[in-house]
Structures are given as structure tokens and as C-alpha cells.
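Now for the letters of each chain:
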Amino acid sequence: DRVWRPGEPVRLTAVSSTDGWLYCVSVRGDGRAVPVFPAGAIDGARLPAAMPATIPGPRRSAGLRAGPPGVERIRCWLADRDISPELPHALLDPAGARLPDRLAADLDAVFAGIAGARMATASLEIRVE
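None of the values given here were measured: they were computed from a predicted structure.

A. Seen up close, the overall build of the chain. From N to C terminus, the chain includes two helices and 10 strands. Secondary structure of the chain in N-to-C order comes out as β-β-β-β-β-β-β-β-β-α-α-β. Computed over C-alpha atoms, the radius of gyration of the chain comes to 14 Å, within 12% of the 14 Å expected from 2.2 N^0.38 for 129 residues, which places it in the range of a compact globule. Taking the principal axes of the C-alpha coordinates as reference, the chain spans close to 40 × 30 × 25 Å. Taking all 129 residues of the chain together, 42% fall into the buried category. Here the analysis covers contacts within the chain between residues at least 6 apart in sequence; of these, 76% occur between residues at least 24 apart.

B. Just the pattern of salt bridges, in detail. Taken as a whole, this structure holds eight salt bridges when the rule is applied. In this structure, the salt-bridge partner of Glu8 is Arg2, at a minimum N-O distance of 2.2 Å. Since its relative accessible area comes to 47%, Arg2 is described here as partly exposed. Asp101 is the salt-bridge partner of Arg98, the closest N and O atoms lying 3.2 Å from each other.

Reading the values: the criteria
Residues numbered from 1 in each chain as written. Predicted model: local features only at pLDDT ≥ 70, side-chain atom pairs only at ≥ 80, totals over all residues. Heavy atoms only, no water. Helix = DSSP H or I, 4+ residues; strand = E, 2+ residues; numbered from the N terminus. Rg over C-alpha atoms; globule rule 2.2 N^0.38 Å. Buried < 20%, exposed > 50% of the residue type's maximum accessible area, 1.4 Å probe, protein only. Contact = heavy atoms within 4.5 Å. Salt bridge = Lys/Arg side-chain N within 4 Å of Asp/Glu carboxyl O.

Structure follows, in C-alpha cells:
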């Protein structure tokens, strides 16, 4: 039920019951999408079982801030193997630059199109006013 203000810092923690590789994107209320993790993460996208990854945190120094007013969705995919070489470079940009609109609209298809990888997904919606 929490309401965020535009620009307010957002802190996330991701934990998995199995080893995996984590990829997260924030889709803001205005439709702008930016990679959140592993964008610049030390040790890349690897997430050992039961080891929390905090964003921002020791593995990622850049902070996540609430976007413009509206509903912001943070979406994550956990793969059972490193799929980084098969993903568009923009999803791995260390600077976390805005994703091209077409890529942002096709995120589910991008991850579903990775052959031979089992995938789990999760999302979190936050309200920004």
C-alpha cells in the first residue's frame, strides 16, 4: 500500500531457493524501461541460492529511483544458466540506459525465446504519485 514519490530511492531484495542468473527491468509509469540488474553488477547476473541480492547494494552501486507518477513495475527473470550472451546488449548495459521501445515491449518474448533455459519470473508493482 506504500506510495512512492517521483525520484524517491527504491531498494529491492531478490532471493532464490535455487542457484540462478537474475535479470531485472523497471518499466515506469510513462512506459520507459531501464535494466535494473545486473546493470553494472559485480559478478554479473549470478544469484546463488539463499543469498540475497540487494539493489542497490554491494554488487550494484547505482541506485534505483521511483519514476514519474503512475504504476511502475519491476520485472525479474531467473534463469537456470547464464543467458547473458543470448540477450540483447541493452539489457546488460552497465549504465542502465533506457531500453529501446521495441525491446521494452517484447521482454517476455525475448526471455521466452532463450532455448534450453528454465525460467522463473516475478514482478513488483509500485504506485508513484
